[in-house]
Amino acid sequence: VYDTQLTEPQLLCFFTEMLKETNLIFLNISFSNLSAVPPAILAKSVNKLQNVNLMCTKLTSEQTKEILQVMCVDTRLSELNMHGNHLTMVPPGALALAVVRLRSVDMSETNLTEDQLIAIFKYSDTGQELKKLDVRYNAAILEVPEKVIRDAEKNIKNLFYTRYFS
């Protein structure tokens, strides 16, 4: 359903049906405006899958918080792409706890804050699953102490970030 421009009623129906039963493992719904989907329905649906691409889906802060909250309790997710969604309002600890549970996460261009980045990097040493993390094009990375990044690189096999902006 990549870039299909589904209507709000179609999206609501799609995610509501996913709650009942789904054989889906992978969902690429990038470039669809999901902002009108109720947070609880979206969160429960997304967390039933293994791999979800939510790139540039205009998620609200309530939706992202709910997705991450459910992720900490009950998820099948191992890969999540949230590229291009604004995550600034998500509490750093909640974000970090959810992210380190997954195997691969793309949070590039998500306006992460310094506190969020530091929390994710510090939680990465908890022996969780995180093997790949993309936080490129988040300007706050410039404020993160070099030692925190170096320590995270020891824990996250594939850590992608941009330290220099033009």
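Cut-offs and rules
- Residues numbered from 1 in each chain as written.
- Predicted model: local features only at pLDDT ≥ 70, side-chain atom pairs only at ≥ 80, totals over all residues.
- Heavy atoms only, no water.
- Axes fitted to C-alpha atoms, helices over the stretch in contact; angles between N-to-C directions.
- Helix = DSSP H or I, 4+ residues; strand = E, 2+ residues; numbered from the N terminus.
- Parallel < 35°, antiparallel > 145°, perpendicular 65-115°, else oblique.
- Left-handed = near helix turned anticlockwise from the far one by under 90°.
- Contact = heavy atoms within 4.5 Å.
- Nonpolar A, V, L, I, M, F, W, Y, C, P; charged D, E, K, R; others polar.

*Asks:* Hey, could you run me through the packing of helix H1 (residues 8-20) against helix H2 (residues 39-46) in this one?
*Replies:* The axes of two packed helices give the description: the angle between them and the distance between them. The N-to-C vectors of H1 and H2 enclose an angle of 55°; their axes lie 9 Å apart at closest approach. Overall, the two elements H1 and H2 adopt an arrangement that is oblique. Handedness of the crossing formed by H1 with H2: left-handed. In contact with Leu12, Phe15, Thr16, Met18 and Leu19 of H1, H2 contributes Ile41, Leu42, Lys44 and Ser45. Along the lines of polarity and charge, the residues of the contact of H1 with H2 split into 6 nonpolar, 2 polar and 1 charged.

*Asks:* Quick question: what am I supposed to make of the packing of helix H3 (residues 61-73) against helix H4 (residues 92-99) here?
*Replies:* The N-to-C vectors of H3 and H4 enclose an angle of 50°; their axes lie 9 Å apart at closest approach. Classified by the interaxial angle, the pair formed by H3 and H4 is oblique. Where H3 crosses over H4, the two elements pack in a sense that is left-handed. When H3 is examined against H4, the residues Leu68, Met71 and Cys72 are found in contact with a partner set consisting of Ala94, Leu95, Leu97 and Ala98. Taken together, the residues that form the contact of H3 with H4 break down as 7 nonpolar, no polar and no charged.

Any link to function would need more than the numbers given here.
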